[in-house]
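Architecture at a glance
Here is how the chains run, residue by residue.
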Amino acid sequence: MKIGLVKLSALGDIIHAVIVLQFIKKHYPKASIDWFVDARFAGLLQDHPMINEVYALPLKDRKFKEVFAMLFEARQNKYDVVIDLQGLIKSALVSKILCANTFGFDQESIKEGFASNFYTHKFACNYEENIIVRNLSLVAYVLNEHFDHSDIELKQSCFSIDDELKEELEQRLSLNESTPNILIHVGSSMPNKIYPKERLILLCRMLSEYFTSAKIMLGWGNVNEFNFAKDIVLNLKHLKIELAPKLSLSELCALTKASDLIIGNDSGPTHLAFALNKPSITIFGATPSQRNTYETNINKTINAGKKILHSKHIDKSDFCIQNIDEKDIFKLACELLEK
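This is a predicted model, so every value here is computed, not measured.

Counted by the stated rule, this structure contains 10 aromatic pairs. Geometrically, the ring pair formed by Tyr-210 and Phe-211 is edge-to-face, given 4.8 Å between the ring centres and 80 degrees between the ring planes. Accessibility expressed as a relative area gives 46% for Tyr-210, which makes it partly exposed. Take Phe-211: its relative accessible area is 12%, and that puts it in the buried class. Taken together, Phe-103, Phe-105, Phe-123 and Tyr-141 form an aromatic cluster joined through their ring pairs. When the ring centre of Phe-274 is taken as origin, the NZ or CZ atom of Lys-155, which lies over that ring, is 3.8 Å away. Sitting over the ring of Phe-228, Lys-197 keeps its end group 5.2 Å from the ring centre.

Taken as a whole and judged by the stated rule, the model has zero disulfides. We note that Cys-125 lacks a disulfide partner, and the nearest cysteine sulfur, in Cys-158, lies 19 Å from it. On the basis of relative accessibility, which here comes to 12%, the residue Cys-125 falls in the buried class. In this model Cys-334 remains outside any disulfide bridge; the closest cysteine sulfur is found in Cys-204, 13 Å from its own.

Before going further, it helps to spend a moment on empty space enclosed by the protein. Under the criterion given, the structure shown has one cavity of 30 Å³ or more. Its boundaries defined by the atoms lining it, the largest cavity holds a volume of some 30 Å³. Lining the largest cavity, in full, are Phe-274, Ser-280, Thr-282, Thr-293, Tyr-294, Glu-295, Asn-299, Lys-300 and Thr-301. For the lining of the largest cavity, the elements supplying multiple residues, two or more each, are β11 (280-284) and β12 (299-303).

Once that is clear, we can look at the side chain of Asp-318. Looking at the element boundaries, Asp-318 is found in the loop between β12 and α14 (326-337). For Asp-318, a relative accessible area of 12% puts it in the buried group. Here the side chain of Asp-318 touches Lys-306 through a polar contact of 2.4 Å, side chain to side chain. In contact with Asp-318, not counting residues within four places along its chain, are Asn-192, Ala-286 and Lys-306.

This part is about a nonpolar patch on the surface. Where nonpolar side chains cluster on the molecular surface, the patch consists of Phe-64, Phe-68 and Phe-72 and spans about 300 Å² of accessible area. The residue Phe-64 is located in helix α4 (residues 64-74) in this model.

Assigned domains of the protein chain: these are domain 1 (2-154) and domain 2 (163-338). In this structure, domain 1 and domain 2 have C-alpha centres spaced 28 Å apart. Opposite the 22 residues of domain 1 that make contact, domain 2 presents 18 residues. Regarding the contact of domain 1 and domain 2, the summed buried area is about 1700 Å², with carbon and sulfur atoms giving 62% of it. Taken as a group, Ile-15, Tyr-127 and Glu-128 account for 31% of the area that domain 1 buries against domain 2, more than any other trio of residues on that side. Counting across the interface, domain 1 meets domain 2 through 10 residue pairs in polar contact (both at pLDDT 80 or more).

What counts and how
- Residues numbered from 1 in each chain as written.
- Predicted model: local features only at pLDDT ≥ 70, side-chain atom pairs only at ≥ 80, totals over all residues.
- Heavy atoms only, no water.
- Phe/Tyr/Trp six-rings, centres within 6.5 Å; stacked < 30°, edge-to-face > 60°.
- Buried < 20%, exposed > 50% of the residue type's maximum accessible area, 1.4 Å probe, protein only.
- Lys NZ or Arg CZ within 6 Å of the ring centre and 35° of its normal.
- Disulfide = S-S within 2.5 Å.
- 1 Å grid on protein atoms, 1.4 Å probe; cavity = no way out; pocket = protein on both sides within 12 Å on 5 of 7 lines; lining within 4 Å.
- Points joined across faces, edges and corners; volume = space filled by probe spheres on them.
- Helix = DSSP H or I, 4+ residues; strand = E, 2+ residues; numbered from the N terminus.
- Polar contact = N/O pair within 3.5 Å; in protein donor to acceptor, adjacent residues only side chain to side chain.
- Contact = heavy atoms within 4.5 Å.
- Patch = residues over 30% accessible without salt bridge, like charges linked within 9 Å, V, L, I, M, F, W, Y side chains within 5 Å.
- Areas by Shrake-Rupley, 256 points an atom, 1.4 Å probe, with all protein chains shown as cover.
- Salt bridge = Lys/Arg side-chain N within 4 Å of Asp/Glu carboxyl O.
- Domains from an automatic or database assignment.
- Buried area = accessible area lost by both parts, 1.4 Å probe.

Pasting the structure below:
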């Protein structure tokens, strides 16, 4: 079976979707799977053992002539089915160009309902359902197979890690297996998804003073996040709090795998811990924790206690994340690190 998967962006969405590869291979071990993704995120999927070819589409750069050339060339692969896991008009168009036999969510199940007009087969799934459950449910529908929650809870690590790169990072950052290595991601895609600096300073102090030998690193992805993290380090310069280096997606995977605990906002780098089966705490404010991540015995969430009814329309002016007590995050961290 020749399958095309369309999940173009963003980082967190791709991380939440990659688990479907294991489900497909479980039922169709010989399936050949190609993945169509925005070029910015292709590095996360390159060399994945379950993907035959990654098509890195330069969508962000608006190189549409190049995009269409790549898609029409890929049509020659004669896919048996193309599955749009994104549910946007642009991803639906990509799917339609690639194959006549397309699957996606129905009009009520996606943010851009018009996209469903481009699918041959449409699957109904509550938009408020957990994103990982949604992805697996759609693929199970396509394959006419049953998906069980054990497919999530017993999953293998979703990305392959370059052992040499991991060892090089461990040496460069002086990581020690005998002491806790804690990676804290400070940023996210929207300001109201970011845990406030003042509370994060207090959390870092508590972690450093309780786990005296711990290596605590602050991860960042752009200039604003770098300055945010740098301020925390300067406020705690008497403690062992360090800035993580600028990381490629491959290095981010390797550092996540080398860490004992990942703490962060509702963002791709934080969700990567779940995909790699590493302990994590994801901090939620105005975005729904029950939808945006999957809790396990090692992957925990903490939120502001606000019930979010409509995930399609997030209130960007809602900064309820500021109300989460750093002591509650610290307590969760202790439970995970002392298991």
